[in-house]
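# Per-entry structural report
Each chain, written out:
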Amino acid sequence: MPFVPHTDEDVAAMLGAIGAATIDDLFDEIPRELRIGELAAIPAGMAEMDITRLMQARARADGQPLCFIGAGAYDHHIPAAVWQIASRGEFYSAYTPYQAEASQGTLQLLYEFQSMMTALTALDVSNASLYDGASALAEAVLMAVRANRKAKSNRVLVPRALHPAYRRVLRGIVESQGIEVIEAPFDRQGGHTPVAALDALVGDGGFAAIVINQPNFFGVIEDVDLLTDWAHAQDVLVIAVVNPIALALLKAPGEWGAAGPKRGADIACGEAQPLGMPLSSGGPYAGFLCCKKDLTRQMPGRIVGRTLDLEGKPGFTLTLQAREQHIRRGKATSNICTNQGLLVTAATIHLALLGSAGLERVAAACHANTRRLAALLCEIPGVEPRFDRPMFHEQVLRLPAPTADLLHALAAHGVLGGFDLGPDYPELDPALLVCATELRTEEEMQRYMTTLARVIAARTQAKCPVEPKI
Amino acid sequence: MLIQEQSRPGRRAAAQAPLYSAEVSDIPVSARRAAPLVLPEVSELQAVRHYTRLSQKNFSIDTHFYPLGSCTMKYNPRACNTLAMLPGFLARHPAAPDSHGQGLLACLFELQEMLKEVTGMHAVSLAPSAGAQGEFAGVAMIRAYHRARNDSARTEILVPDAAHGTNPASAVMCGFVAREIPTGSNGDVDIAALREAVGPQTAGIMLTNPSTVGVFDRNIVEIAGIVHAAGGLLYYDGANLNAILGKVRPGDMGFDVIHMNLHKTFSTPHGGGGPGAGPVGVSKRLEPFLPVPLVVQDGDDYRWVSEHERPQSIGRLTAFGGNMGILLRAYVYARMLGREGMKRVSEFSTLNANYLMTRLKAAGFDAAYPQRRASHEFIITMKREARDLGVNAMDFAKRLLDYGFHAPTTYFPLLVPECLLIEPTETETKEELDDFVAALIAIREEARTNPELVKGAPHTMPVRRLDDVRAARQLDLAWRSSANCT
């Protein structure tokens, strides 16, 4: 019996103590007519060696193609120590640290994580994480609308140059609470969100908050100072959506805007996946959420604080629980009752191993590799950069043929060429979003270029033969 | 000591970053970071030693009996972790084409099918990332269902007073008002109060069965009849699915929508607070509203279905469609158990709970519902001990830590005073349960002879009892490089 330790003698002794004849008797309060027989559609059990064989075959079937997709999930180096330590049973199989004295390991680690995230964002407070970047944004918007009573508005301004999936998740979660999401356009030349376009959207309703995405979904670096100052001039709260690796190079949300008492984004959130989490087809990842001090009590999710024990020794505990569902029930700041503990464990170890110098090198290498990749691909006739503004580690390219067809042909050669922007941005079609992290080598980028040149040539040969400039 | 306090300028784990500094001069200075980034500067060994030592300050299933009620802290098989972390699964990008994910999709599709079978539901989506997100999705589907029928009067969700706090919080997040229904003295929902509460304003009811008081609600069929007759839907909170796996199914009880906690029933790790996975199952009439993405089979191939093919879907809950690595662990676990193993889960978790309750009753402790069978968990109330000995449930809980047992859930559900909610799970031995009984008896004896010893517990943990009031009043939520702890 897998994972059940009972011997026949145990069962007999236990039933004897209870005064029941059979285990089945223990279910006698369940109405008889509801009881079921066989779970016919479930296969028989497997030994570990058999399931291992099956899973190895399936993992092999998925292969390990050469990946140039970013679009919200990034292929970074993960130090070997990260998951060796995070997989230790003491982290892996512990629960939410309700018994603080028996959970100091998890609690101290979460406090260190919160400290690292406040350092990255230059904000005062961080929570212990949320499900992922998109759901963290939804929580940030709910939080901002609750907090900004002065605005008397339930409208939120969101750039069209924000990840399409983030916009969908946001609408799905906040619209049932009467919040309206308005989209700010992007500049067709630069790919950024121009401040000039925002005034026309204010109208009579005003805004409770604006979302600023740095870098934005196209990889383009936004004018965060201008956008922040525009928002603060009319009491609109600023929610930054940021990439934690980019924060090693780019201005931290707490530094956005002109100097003064309002300086900085009010809330920052994003996807922590680049910090030690494998791509894993999209999860589990972790969302992070930071804010200025005066918004602390509007924050959803777990928060760890440092305090003293009864001997005056420092220790860590979950705090501000009066915001949470298990105390406040229907009046809680959110229904969330977990964080992504294990992923945060990985992120914290990852950041400790990288340090500020390491993280800066990773960020710079990603930036340089993507520039190099874009330059290589643009040697192919018909391939050119779509936007003229500086980018961080992703770039939009215009293509000489339908993106989906080219990606399909590339995949057949074992190259995942990027993210097709066509379905979400028909106005840019055909356009491809590419990314080359620090892991991509010159040889791999050359391979992408020659493969793309070949599939473009094969497509266009019939109509007008193109000789790649290589 | 914090990792930040071990930092020394210029020290690095140099093997973990590129060996070169790349050029970034094309990024305008105005967009660059102004103040220096302060992260720990430590060697690789320092980081490894620090986090290994921190891990040793935790209780966990791998190291201790962890009878935390309502959390199903059973053994997390190591194979599930190893096989979910095979390189082919880890390296796959979420936007990779389905052609490069047939292995993953096969596992997910089969998991969907197994969950349908074991819950008796018509269709399943694996998208929700946790139980609370599954609840949100479930209630959002109830809302979408009534809206699709132009029934806008249904503004209330009924929630028993014993329910998890997430239930009313999820209802409110979906724009509903949560209305409480009392629990009768026998632990079942108060039927008369339910009849009075339902009406044209009722969107649905959220139930956990077996409930959080550790008993199976015997009137479930009648409850379903009352709510359905009023035009409402039934939501099943799968927190306690471990108790009934393979014995009785929410779909057969009349539930329209359910969420499952794979981190409980299907033994994926709790990870110090997450990640979880909270798939939702629905009856036929709610299928169009399921969250995306879903996995379908087309001939020999599997593929994702997204919002384009499901116009009535409540949509996407996270950017990429769920905690795949957790779903893979649950899949491996389900395949190892098989149909017989799943039944044994409920049988032996129920046997362990009833045995433990019987032994504690015999030792003179008070069960909250002594006439009832325990499900996979049960409640002991320390009301008498608190009154007679001045030692309350929390004191017992803290002293248990000194005896090498993680404490049961304390002070939940709120309707039972001084309660310990105890869930031993099926993976514990009889010897472990006997030792736990002996510890509680010993602590009670200490409470009689030396109550201060118990009230001052724990004594053997890395810290003594912590000042929670100070933590909330003098907020210290992050280490700062200067002006620390002001």
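This is a predicted model, so every value here is computed, not measured.

Procedures and definitions
- Residues numbered from 1 in each chain as written.
- Chains lettered and ligands numbered in written order.
- Predicted model: local features only at pLDDT ≥ 70, side-chain atom pairs only at ≥ 80, totals over all residues.
- Helix = DSSP H or I, 4+ residues; strand = E, 2+ residues; numbered from the N terminus.
- Rg over C-alpha atoms; globule rule 2.2 N^0.38 Å.
- Buried ≥ 20, exposed ≤ 12 C-beta atoms within 10 Å, placed from the backbone.
- Contact = placed C-beta atoms within 7 Å.
- Domains from an automatic or database assignment.
- Nonpolar A, V, L, I, M, F, W, Y, C, P; charged D, E, K, R; others polar.
- Pairing = 2+ DSSP bridges.
- Right-handed = clockwise from strand over helix to strand, strands pointing away.
- Axes fitted to C-alpha atoms, helices over the stretch in contact; angles between N-to-C directions.
- Parallel < 35°, antiparallel > 145°, perpendicular 65-115°, else oblique.
- Left-handed = near helix turned anticlockwise from the far one by under 90°.
- Core = buried A, V, L, I, M, F, W, Y, C linked by C-beta atoms within 7 Å.
- pLDDT = per-residue confidence, 0-100.
- Expected span 1.5 Å × (residues − 1).
- Bend = angle between axes of the 7 residues up to and from the residue.

Moving on to the overall build of chain B. Helices and strands together make up the secondary structure of chain B, namely 15 helices and 13 strands. Here chain B has a C-alpha radius of gyration of 25 Å; the compact-globule value for 486 residues is 23 Å, and the two agree. Taken over the C-alpha atoms alone, chain B extends approximately 75 × 70 × 45 Å along its principal axes. Buried residues in chain B amount to 61% of all 486 residues. Taking the contacts inside chain B whose residues are at least 6 apart along the sequence as the reference set, 73% of them involve residues at least 24 apart.

Now for the overall build of chain A. Counting its regular elements, chain A contains 13 helices and 15 strands. Judged by the C-alpha coordinates and their principal axes, chain A covers about 85 × 55 × 50 Å. Per-residue burial over chain A gives 62% buried out of 470 residues. For chain A, long-range pairs separated by at least 24 residues make up 75% of all intrachain contacts whose partners lie at least 6 apart in sequence.

Let us look at the domain arrangement of chain B. All names here are of chain B. Per the domain assignment, the segments making up chain B are domain 1 (4-55), domain 2 (79-337) and domain 3 (346-470). Just the C-alpha atoms count here: the centres of domain 2 and domain 3 sit 31 Å apart. Taken residue by residue, the interface counts 17 residues in domain 2 and 16 residues in domain 3. Residues that form the side of domain 2 that touches domain 3 fall into these classes: eight nonpolar, seven polar and two charged.

Residues and elements named next belong to chain B. Here strand β2 (residues 156-160) pairs with strand β3 (residues 177-181) via five bridges, running parallel. Within the sheet, the bridge partner assigned to Val-159 lies in β3 and is Glu-180. The parallel pair β2 and β3, bridged by helix α6 (residues 166-173), forms a crossover whose chirality is right-handed.

All names here are of chain A. Running from amino to carboxyl end, helix α11 (residues 341-377) crosses helix α13 (residues 442-460) at an angle of 25°, the nearest separation of the two axes being 9 Å. Classed by the angle they form, the pair α11 and α13 counts as roughly parallel. As α11 packs across α13, the resulting crossing turns out to be right-handed. Only Met-445, Gln-446, Met-449 and Leu-452 of α13 make contact with α11, whose side of the interface consists of Arg-372, Leu-373, Leu-376 and Leu-377. A per-class count over the contact of α11 with α13 returns six nonpolar, one polar and one charged.

Looking now at the nonpolar core. All names here are of chain A. Of all hydrophobic cores here, the largest spans 331 residues; its most connected members are Val-141, Ile-239 and Ile-267. If you tally residues by element for this core, the top one is α11, at 21 residues. In this structure Ile-267 touches Ala-140, Met-143, Ala-144, Leu-237, Ile-239, Ala-240, Cys-291 and Leu-295, once residues within four positions along its chain are discounted.

Here the focus is the sheet that holds strand β15 (residues 431-434) of chain A. Residue and element names in this part refer to chain A. Across the sheet, four strands lie side by side as β11-β12-β15-β14; this open sheet has antiparallel pairing. Of all the strands in the sheet, just β11 (384-385) and β14 (419-420) have a single pairing partner and so form its edges. In this sheet, strand β12 (residues 395-398) lies alongside β11 in antiparallel orientation, the contact comprising two bridges. Pairing of Glu-384 across the sheet is with Arg-398, part of β12.

Another point: the interface of chain A and chain B. Every contact between the two is made by 161 residues of chain A and, on the other side, 170 residues of chain B. The leading source of residues in the side of chain A that touches chain B is α11 of chain A, at 20 residues. Looking at the side of chain A that touches chain B, its residues break down into 84 nonpolar, 51 polar and 26 charged.

In this model, chain B carries a mean pLDDT of 96, and residues with pLDDT of at least 70 account for 99%. In the predicted assembly, ipTM is 0.97 and pTM is 0.97.

A separate point is α11 of chain A. Residues and elements named next belong to chain A. Compared with an ideal rise of 1.5 Å per residue, which puts 37 residues at 54 Å, α11 spans 40 Å between its outermost C-alpha atoms and falls more than 12% short. At Gly-355, α11 shows its maximal kink, close to 90°. Burial of α11 is extensive: 34 of the 37 residues sit out of reach of the surface.

A separate point is the sheet that holds strand β8 (residues 287-291) of chain A. Residues and elements named next belong to chain A. Overall, mixed pairing links the seven strands, which are arranged β2-β8-β7-β6-β5-β3-β4 in an open sheet. Looking along the sheet, the strands with just one partner apiece sit at the ends: β2 (125-126) and β4 (180-184). Direction of pairing for strand β3 (residues 155-159) relative to β4: parallel, over a ladder of five bridges. Counterpart to Leu-157 in the pairing with β4 is Ile-182. Packed onto the sheet, helix α6 (residues 133-147) meets β3, β5 (209-214), β6 (237-242), β7 (267-271) and β8 and runs at close to 165° relative to β7.

Okay, the pairing of β6 of chain A next. Residue and element names in this part refer to chain A. In terms of burial, β6 is a largely internal element, six of the six residues being buried. Sheet topology places β5 next to β6; six bridges connect them, and they run parallel. By the bridge assignment for β6, Ile-210 is matched with Val-238. With helix α9 (residues 224-233) bridging β5 and the parallel β6, this β-α-β connection has right-handed handedness. Note: β6 against β7, three bridges, orientation parallel.

By convention, interface size is frequently given as the accessible area that disappears when the constituent parts associate. Residues and elements named next belong to chain A. Assigned domains of chain A: these are domain 1 (66-73 + 356-460) and domain 2 (80-348). Of note, the centres of domain 1 and domain 2, computed from C-alpha atoms alone, are 29 Å apart. Of the residues lining the interface, 22 residues belong to domain 1; the matching set on domain 2 comes to 22 residues. Those elements that provide at least two residues to the side of domain 1 that touches domain 2 are α11 and β12. Examining the composition of the side of domain 1 that touches domain 2, we find that seven residues originate from one element, α11, more than from any other. Its residues assigned to classes, the side of domain 1 that touches domain 2 comprises twelve nonpolar, four polar and six charged.

Another point: the environment of Ala-21 of chain A. Residues and elements named next belong to chain A. Within the secondary structure, Ala-21 is located in the loop between α1 (8-18) and α2 (48-62). You can call Ala-21 exposed: it has 9 C-beta atoms within 10 Å. A sequence separation of 158 residues divides Ala-21 from Ile-179, and the C-alpha atoms of the two residues are 58 Å apart.

Right, let's get into unusual backbone geometry. Residue Asn-209 of chain B is joined to Pro-210 of chain B through a cis peptide bond whose omega torsion reads 0°. Note that Pro-210 of chain B resides in the loop between β4 (202-207) and α8 (220-229).

All names here are of chain A. On the secondary structure map, Phe-218 appears in the loop between β5 and α9. Counting along the chain gives 63 residues from Phe-218 to Ser-281, while the straight-line C-alpha distance between them is 21 Å. With near-sequence residues (within four places) excluded, Phe-218 lies in contact with Ala-161, Gly-191, Phe-387, Glu-394, Val-396 and Leu-433.

Before going further, it helps to spend a moment on the packing of helix α5 (residues 131-148) of chain B against α6 of chain B. Residue and element names in this part refer to chain B. Here α5 crosses α6 at 45°, and the two axes come no closer than 9 Å. Classed by the angle they form, the pair α5 and α6 counts as oblique. The chirality of how α5 crosses α6 is right-handed. Side by side, α5 and α6 meet where Gly-131, Ala-132, Glu-135, Phe-136 and Val-139 of the first sit next to Thr-166, Asn-167, Ser-170, Ala-171 and Met-173 of the second.

On to the environment of Leu-310 of chain A. Relative to the assigned elements, Leu-310 of chain A resides in the loop between β9 (304-308) and β10 (314-318). Overall, the presence of 11 C-beta atoms within 10 Å leaves Leu-310 of chain A in the exposed class. Apart from the residues within four sequence positions on either side, Leu-310 of chain A is in contact with Arg-464 and Arg-465 of chain B.

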